[in-house]
Amino acid sequence: MVNAATAFRFRDRIFGSLFGSGGRGEKKGYEEFRQLFEVLGKWKDAVYVPPKLEQSTNHGGTFIFNGDDTVFAHYDESPGTHADAFDAVDRAVREATK
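Summary of the structure given here.

Rules used throughout
- Numbering of residues begins from 1 in every chain and follows the order in which that chain's sequence is written.
- Predicted model: local features are reported for residues with pLDDT of at least 70 only, side-chain atom pairs are reported and counted for 80 or more only, and whole-chain, interface and lining totals are derived from all residues.
- No hydrogens and no water enter the side-chain calculation; it runs on all heavy atoms of the structure.
- Secondary structure elements follow DSSP: runs of H or I of four or more residues count as helices, runs of E of two or more count as strands, with numbering from the N terminus.
- The buried label applies to any residue whose accessible area, calculated with a 1.4 Å probe on protein chains only, is under 20% of its type's maximum; exposed applies above 50%, and partly exposed to all values in between.
- Any two residues whose heavy atoms approach within 4.5 Å are treated as being in contact.
- Each accessible area value is a Shrake-Rupley result obtained with a 1.4 Å probe; residue values ignore everything except the protein chains displayed when judging cover.
- Contacts described as polar in this section are N or O atom pairs within 3.5 Å, which, within protein, must combine one atom able to donate a hydrogen with one able to accept it, while residues neighboring in sequence count only if both atoms come from side chains.

Let us look at the overall build of the protein chain. A tally of regular secondary structure across the protein chain gives three helices and two strands. From first element to last, N terminus to C terminus, the protein chain shows the α and β order α-α-β-β-α. The buried share of the protein chain, reckoned over its 98 residues, is 16%. Partitioning the intrachain contacts of the protein chain with sequence separation of at least 6 by distance along the chain shows that 34% fall at a separation of at least 24. Surface accessibility of the protein chain: about 7,900 Å² in total, with carbon and sulfur atoms responsible for 59%.

As structure tokens, then:
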């Protein structure tokens, strides 16, 4: 089953940043978009098809711990719906400087 959140997350990461969402600005968004297509162009012949369907839908997450305490937890809802890296790094830095 395809989760709509996947498509929307990719859309937001590509097109949302073009229009300055996330506070990164249009110029930064355009640069990210250009870099994405530069990288994808190098991988055009590299295709991997997992042998089992369930291997293609593995999900992960992002977690930040302070000792035994979990201070940040993001469970990926579907492939491509990762935590915002800037938010995760900001949280990690705040925890480290407490």
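This part covers the side chain of Asp76. If you trace the backbone, Asp76 turns up in the loop between strand S2 (69-75) and helix H3 (85-96). Of the polar contacts made by the side chain of Asp76, one reaches the side chain of His82; its length is 3.0 Å.

A separate point is the side chain of Glu95. By the secondary structure assignment, Glu95 is in helix H3. Not counting residues up to four positions away in its chain, the partners in contact with Glu95 are Asn66 and Val71.

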